[in-house]
Amino acid sequence: MSRCGGVADDDKTDIDVHAISELQKTGVVTTDDSPKYKYTSDEEGNYNFELISAKVLALRVGGKFVNTAESGDRVGVILDRTCFYAEQGGQIFDIGFMVNTSCSDSEILINNVQVKAGYIIHKGIVEGTVSVGNVLELSFDEPRRRKIMNNHTATHLLNFALRKHCGDADQRGSLVTDDRLRFDFSYKSPLTTEQLEGVDIVVSEFIAKNNEVYAKEAPLAVSREIQGLRAMFDETYPDPVRVVSIGIPVETLVSDPTAPAGSVTSVEFCGGTHLQRSGHMNKFTVVSEKPISKGVRRIFAVTDGEAVAAVQRGNALQRRTDTLLNKFHRGDYVYHDIISHVNTLIQDNDKAVIPAWQRDRIRDNVTEMKAKLDKKQIEQEKVLVSENANEIKEIIANNTNAPLIIEVLKSKGTSKGISEGLKVMRKKSPETAAIIFGVNGDDIFFHGIVPKKVSSGSDLQAHQWLQSFADRLSAKCGGRELYAQGSGKGADKIAEIVQIAKQFAEAKLQ
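The following refers to the structure shown. Nothing here was measured: the structure is a model prediction, and the numbers come from that model. (Residues numbered from 1 in each chain as written. Predicted model: local features only at pLDDT ≥ 70, side-chain atom pairs only at ≥ 80, totals over all residues. Heavy atoms only, no water.)

## What to know about helix 2 (residues 142-166)
Formally: Strands here mean DSSP runs of E at least two residues long; helices mean DSSP runs of H or I at least four residues long; both are numbered from the N terminus. Expected span of a helix: the number of residues minus one, times 1.5 Å. For every residue, the accessible area obtained with a 1.4 Å probe (protein chains only) is divided by the maximum for its type, and the residue is called buried under 20%, exposed over 50%, and partly exposed between those limits. In the analysis that follows, any N or O atom pair within 3.5 Å is treated as a polar contact, provided that within protein one partner can donate a hydrogen and the other can accept it, and provided that, for residues neighboring in sequence, both atoms belong to side chains.
Along its 25 residues, helix 2 runs 35 Å from first to last C-alpha, staying within 8% of the 36 Å computed at 1.5 Å per residue. Here helix 2 lies mainly inside the structure; 20 of its 25 residues are buried. Capping the start of helix 2, Asp141 holds a side-chain oxygen 3.1 Å from the backbone nitrogen of Arg144, two or three residues further along.

Structure representation (structure tokens):
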């Protein structure tokens, strides 16, 4: 597979050391790919790419060099020059097509471009015929290239921003595609919310300044001395090396490499295709930051339209968060309703592609609110449980050993409070069959108890007793002959339910 995750390489179109030797022996020159840098732009960030014609020097089909490739052939094409970008330096390859000027019905659909020993291999599928010596008109996917340029320039700015907010954060790898960028760097701990937000701010400031992006070849020895240079020094660079600087001309940096100018902007060795101004990427945001190995972390970021969409999604989640926080602070909520919204928000926030700093902040705020909600609910339930149990004790005191008790608690009902109260009833009124109802909002909790002596001497059983009215409340019930419990909804039906329960018990106890 291609390292950049593109279309799978067909090894039979690739060239190995033997094929390279064959090309060299037959006098095939290496590919001039300087036209990949030939493009202009206007103030609005519209780009005009210079497309070219090129001569076919070699064709690779089925692991061999051939003179002609025909329809359906998977082919590797080597040209004298190209405007296609071959995958290298972490930047994904261009895709597009090539039209045979000798026969306009013949073309090659290019889905992968690689470079070996200076030979650029354009890999694709032939439609019609193409022969060595033919001249092809080259056309790559310009909108895709434009997005790649956004993300490559953004990668340089991200690298600079990490240095500013994380200090010793050295690049360990990168991947630039059309939909996002990936950046690996050495750092011992997760970036804080403030660091992530700071990175976004630094890059956004460069976008707002709309700095010119300079790219120029310079002597390697001098370029290595540029103050603030970011490079992977275990890499082997050509001499001269291409230097990409944002906001400061390369000539200025090379003329006095030890001056502090390079430390205030992004300066890197790079052979990739870049924007001509930083403002052309329009928007940037980091959407993910995570560890990939010990001491190495990985960032994913997006630009332009993808970044705008990420920010919009983040703002929508922030509005939902603010609504819930306002309800919580006002006390204007029902616990079970608000906690359901909170849990959904936590899940949506974790899955959403939004600014990473905003995700962290929303998660922190909502998690803190949830903890306070749960704590308050536990405290309130303790009070209600105590109130329920005390109310049931009072009922027992006024009806000790009455054969039948059916009561609705005046306090807000809880299942646990009813259960605690009926434990007391078992001890202090052991001959009483009872159902206690507790109402809380539209929720109804109910427990039924039938002493063994009563159950064996009549047809009254606790689980059947509750089932006599459960359907009216769409209730879920569980239990057996001596004890059962359930819950449902329909507080407005409580009087009717009490009557049904009473009639059922009286009929069974006769």
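Past the structure itself, the notes keep going.
## What about the packing of helix 8 (residues 356-398) against helix 9 (residues 415-428)?
This is how it is decided: To obtain an axis, a line is fitted to C-alpha atoms, over the contacting stretch when the element is a helix, and the angle between two such axes runs from 0 to 180 degrees between their N-to-C directions. Each angle receives one of four descriptions, namely roughly parallel if under 35 degrees, roughly antiparallel if over 145, roughly perpendicular if within 65 to 115, and oblique otherwise. Note on convention: the crossing is left-handed when the near helix lies turned anticlockwise from the far helix by less than a right angle, right-handed when the turn is clockwise. Residue contacts are counted whenever heavy atoms from the two residues lie within 4.5 Å of one another.
Relative orientation of the contacting elements helix 8 and helix 9 amounts to 30 degrees, with a least axis distance of 7 Å. Taken together, the axes of helix 8 and helix 9 lie roughly parallel to each other. Where helix 8 crosses over helix 9, the two elements pack in a sense that is right-handed. Touching Val385, Asn388, Ala389, Ile392, Lys393 and Ile396 of helix 8 are Lys416, Gly417, Ile418, Glu420, Gly421, Leu422, Val424, Met425 and Lys428, all from helix 9.

## Here's the deal with the pairing of strand 9 (residues 119-127)
Stated formally: The pairing criterion is simple: DSSP has to find at least two bridges between the two strands.
With respect to burial, strand 9 is a largely interior element, 7 of its 9 residues being buried. When strand 6 (residues 74-79) meets strand 9, the two strands line up antiparallel, connected through 5 bridges. Within strand 9, the residue paired with Arg74 across the bridge is Ile125. Bridge analysis of strand 8 (residues 107-116) against strand 9 gives 9 bridges, and the strand direction is antiparallel. Considered in strand 9, the bridge of Ile110 is made with Gly124. Here strand 8 hands over to strand 9 after 2 residues, with Ala117 in that stretch at a positive phi of 50 degrees.

## Considerations on the sheet that holds strand 21 (residues 443-449)
Here we have 5 strands laid out as an open sheet, ordered 19-20-21-23-22, and mixed in their pairing. Both outer strands of the open sheet, strand 19 (404-408) and strand 22 (476-479), are each paired with one neighbouring strand and no more. Between one strand and the next, the sheet's axes are offset by a mean angle of 10 degrees, whatever the strand orientation. Packed on one face of the sheet, helix 12 (residues 494-509) meets strand 19, strand 20 (433-440) and strand 21 and runs near 175 degrees to strand 19.

## Let's talk about the side chain of Glu87
You can see Glu87 is positioned in the loop between strand 6 and strand 7 (96-100). The class of Glu87 is buried, set by a relative accessible area of 3%. Polar side-chain contacts of Glu87 include one of 3.0 Å to the side chain of Gln114.

## Some details on the sheet that holds strand 17 (residues 284-293)
One open sheet holds the 4 strands; their spatial order is 12-13-18-17, and the pairing between them is antiparallel. The open sheet has two edge strands, strand 12 (171-176) and strand 17, and neither has a second partner. Mean inter-strand twist for the sheet, computed between neighbouring axes without regard to direction, equals 15 degrees. The pairing of strand 17 with strand 18 (residues 296-303) spans 8 bridges and is antiparallel. For Ser288, the partnering residue across the bridge sits in strand 18 and is Phe300. Against the sheet, helix 6 (residues 304-330) contacts strand 17 and strand 18, and its axis sits at roughly 100 degrees relative to strand 18.

## Brief notes about the packing of helix 7 (residues 335-351) against helix 8
At a minimum axis separation of 10 Å, helix 7 and helix 8 run at an interaxial angle of 155 degrees. Between helix 7 and helix 8, the crossing angle belongs to the class labelled roughly antiparallel. Judged by the sense of rotation from one axis to the other, the crossing of helix 7 with helix 8 is left-handed. In this structure, helix 7 contributes Tyr335, His336, Ile338, Ile339, Val342, Asn343, Leu345, Ile346, Asn349 and Asp350 to the contact, and helix 8 contributes Arg359, Ile362, Arg363, Val366, Met369, Lys370, Leu373, Asp374 and Gln377.

## Observations regarding the nonpolar core
Our working rule: The nonpolar core is taken to be a set of buried Ala, Val, Leu, Ile, Met, Phe, Trp, Tyr and Cys residues, with the residues joined through side-chain atoms within 4.5 Å.
Leu136, Leu138, Leu158, Leu162, Phe284 and Val286 are the most contacted members of the largest nonpolar core, which totals 61 residues. Per-element tally for this core: the top contributor is helix 2, with 9 residues.

## Notes on the pattern of salt bridges
We count it as follows: Salt bridge, as used here, is a side-chain nitrogen of Lys or Arg placed within 4 Å of a carboxyl oxygen of Asp or Glu.
Under the definition given, this model contains 18 salt bridges. Between Arg472 and Glu496 there is a salt bridge whose closest N-O contact spans 2.6 Å. Here the residue Arg472 occupies a position in the loop between helix 11 (462-470) and strand 22, and Glu496 occupies one in helix 12, the gap between them amounting to 24 residues. Through salt bridges with shared partners, one network takes in Asp14, Lys116 and Lys123.

## Remarks on the packing of aromatic side chains
Spelled out, the test is: A pair of aromatic rings is counted whenever rings of Phe, Tyr or Trp (Trp by its six-membered ring) have centres within 6.5 Å, and the orientation is called stacked for planes under 30 degrees apart, edge-to-face for over 60 and tilted otherwise.
A full pass over the atoms with the stated rule returns 13 aromatic pairs. Centroid distance Phe160 to Phe206: 5.6 Å. Interplanar angle 90 degrees. Geometry classified as edge-to-face. In this pair, Phe160 is assigned in helix 2 and Phe206 in helix 3 (residues 193-209), connecting sequence segments 46 residues apart. Owing to a relative accessible area of 8%, Phe160 belongs among the buried residues under this scheme.

On their own, these measurements won't tell you what the molecule is for.
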